[in-house]
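# A structural walkthrough
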Amino acid sequence: MQWIRNGKKYDTDTAELIWQNYKPVKVPSNEASKHIVSKFYKKRSGECFLVVETKINILGVDRNEKKPEIITFTEEEAKKWAEENISISEYEEAFGKVEE
């Protein structure tokens, strides 16, 4: 997937996937399930972005409920977000070792 935001290109095929999360959401049907997929990427430039998709599965077929959303971060904003949302090993993989 690709986006352009503020004159910059964000591409899930060329960025490094750092973290992903699948969160199920209750739906009032036995024939459907819904989940939110969040994926955190880092570009070679150090900028990061989060892609959030809402998927619904009806009778075994996955579909996007709406267009995927992208949230862009500067490297400093990304570090702040990552401190609160991903594991230490994932953080250090993305941003380098942290002092004790």
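This write-up is about the structure you can find in this document. (Residues numbered from 1 in each chain as written. Predicted model: local features only at pLDDT ≥ 70, side-chain atom pairs only at ≥ 80, totals over all residues. Heavy atoms only, no water.)

## With respect to the side chain of K43
- Relative to the helices and strands, K43 resides in the loop between β4 (32–42) and β5 (48–58).
- Residue K43 is classed as buried on the basis of its relative accessible area of 16%.
- Dropping the residues within four chain positions of it, K43 is found in contact with K8, K9, Y10, A15 and F49. (Helix = DSSP H or I, 4+ residues; strand = E, 2+ residues; numbered from the N terminus. Buried < 20%, exposed > 50% of the residue type's maximum accessible area, 1.4 Å probe, protein only. Contact = heavy atoms within 4.5 Å.)

## A short note on unusual backbone geometry
- Despite not being glycine, N6 has its phi angle at roughly 50°, a positive value.
- Positionally, N6 belongs in the loop between β1 (2–5) and β2 (8–11).
- Classification of N6 as exposed rests on a relative accessible area of 76%.

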